[in-house]
Structure formats: structure tokens, C-alpha cells
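A look at the structure
What follows is each chain in one-letter form.
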Amino acid sequence: MQDPERPDECCADWKAKWKEWSECAEKSVRDEPVKTVGLAFVAGIFLTFFPIGRLLAGLLQMAFALLRPALLILGVLKIIEGIDKRKTG
């Protein structure tokens, strides 16, 4: 069983799968470049005509909008943690 305290062990399967997909994609591009470019072109058209691209862009924009307040809150918590350590230590 994997130790939940060790993130490198926890993500080992994910990293291996990502490496496998990456190698498969690279092999596909090297072996059949025209087919790969064609698939990328079709995917681009699909994302252009269907609102998936706009939905993804909206989600990304919302994530970046929420990132600043989240970082501010985390910074305040770290400051409070540091003050608490100075008082107790």
C-alpha cells in the first residue's frame, strides 16, 4: 500500500501513465506526421465551432480571477502562523 505522506509515491502511477501517453504521442507524430496534423486540425475546428473552447476559456478566466484572493488568504494565514510561532516559541 502507498504511503499517503509521500506524494512522489502517490503520484507514481499517474506519472508513469503520463510518460506512456507522451511517448505514444511522440511516436505517433514521428511515424505519421500528416495524420497527426490532420487530427490536430480537426480538433481545432471542433473547438472553434462548438462552445467548448469558450467554456474552457471562461473556466480558465474564472480560475485566474479567484487565484489572487486565494493567494492573499494563504499569505495572511502564513503571517498569522509566523506570529503565533514567535509568541509560543
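Given the structure is predicted, the values throughout are model-derived calculations rather than measurements.

A short note on the overall build of the chain
When you go through the chain residue by residue, the secondary structure sums to 4 helices and 0 strands. Residues counted as buried form 0% of the 89 residues belonging to the chain. When the accessible surface of the chain is summed, it comes to about 8600 Å², and 70% of that surface belongs to carbon and sulfur atoms.

Describing the confidence of the model for the chain
Model confidence for the chain is summarised by a mean pLDDT of 85, while 88% of its residues fall at 70 or above. Mean pLDDT across the elements of the chain ranges from a minimum in helix 1 (residues 7–10), with 63, to a maximum in helix 4 (residues 52–88), with 91.

Notes on helix 3 (residues 33–49)
The end-to-end C-alpha distance of helix 3 is 24 Å, a good match for the 24 Å that 17 residues give at a rise of 1.5 Å each. The buried fraction of helix 3 amounts to 0 of the 17 residues, a small share that puts the element mostly on the outside.

Some words on the packing of aromatic side chains
Summed over all chains, the structure comprises 2 aromatic pairs. On the basis of an interplanar angle of 20° and a centroid distance of 6.3 Å, the ring pair of Trp14 and Trp18 is categorised as stacked. Taken together, the residues span about one helical turn, with Trp14 and Trp18 both in helix 2 (residues 12–31) at a distance of 4 residues. For Trp18, a relative accessible area of 54% corresponds to the exposed category.

Topic: the pattern of salt bridges
In the structure shown here, the tally under the stated rule is 4 salt bridges. Across the pair Glu81 and Lys78 runs a salt bridge, and its minimum N-O distance is 3.7 Å. Of the two residues, Glu81 and Lys78 both sit in helix 4, 3 residues apart, roughly one turn of that helix. Judged by relative accessible area, Glu81 falls into the partly exposed class, the value being 38%. We note a salt bridge from Lys85 to Glu81, for which the minimum N-O separation is 3.9 Å. Here the residue Lys85 and the residue Glu81 both occupy positions in helix 4, the gap between them amounting to 4 residues, near one helical turn. The network of salt bridges with common partners includes Lys78, Glu81 and Lys85.

Quick word on a nonpolar patch on the surface
Where nonpolar side chains cluster on the molecular surface, the patch consists of Phe41, Val42, Ile45, Phe46, Leu47, Phe49, Phe50, Ile52, Leu56, Leu59, Met62 and Leu66 and spans about 1200 Å² of accessible area. Elements represented by at least two residues in the nonpolar patch include exactly helix 3 and helix 4. Tallying contributions element by element places helix 3 first for the nonpolar patch, with 6 residues. Examined against the element boundaries, Leu47 turns out to sit in helix 3.

Analysis parameters
Residues numbered from 1 in each chain as written. Predicted model: local features only at pLDDT ≥ 70, side-chain atom pairs only at ≥ 80, totals over all residues. Heavy atoms only, no water. Helix = DSSP H or I, 4+ residues; strand = E, 2+ residues; numbered from the N terminus. Buried < 20%, exposed > 50% of the residue type's maximum accessible area, 1.4 Å probe, protein only. Areas by Shrake-Rupley, 256 points an atom, 1.4 Å probe, with all protein chains shown as cover. pLDDT = per-residue confidence, 0-100. Expected span 1.5 Å × (residues − 1). Phe/Tyr/Trp six-rings, centres within 6.5 Å; stacked < 30°, edge-to-face > 60°. Salt bridge = Lys/Arg side-chain N within 4 Å of Asp/Glu carboxyl O. Patch = residues over 30% accessible without salt bridge, like charges linked within 9 Å, V, L, I, M, F, W, Y side chains within 5 Å.

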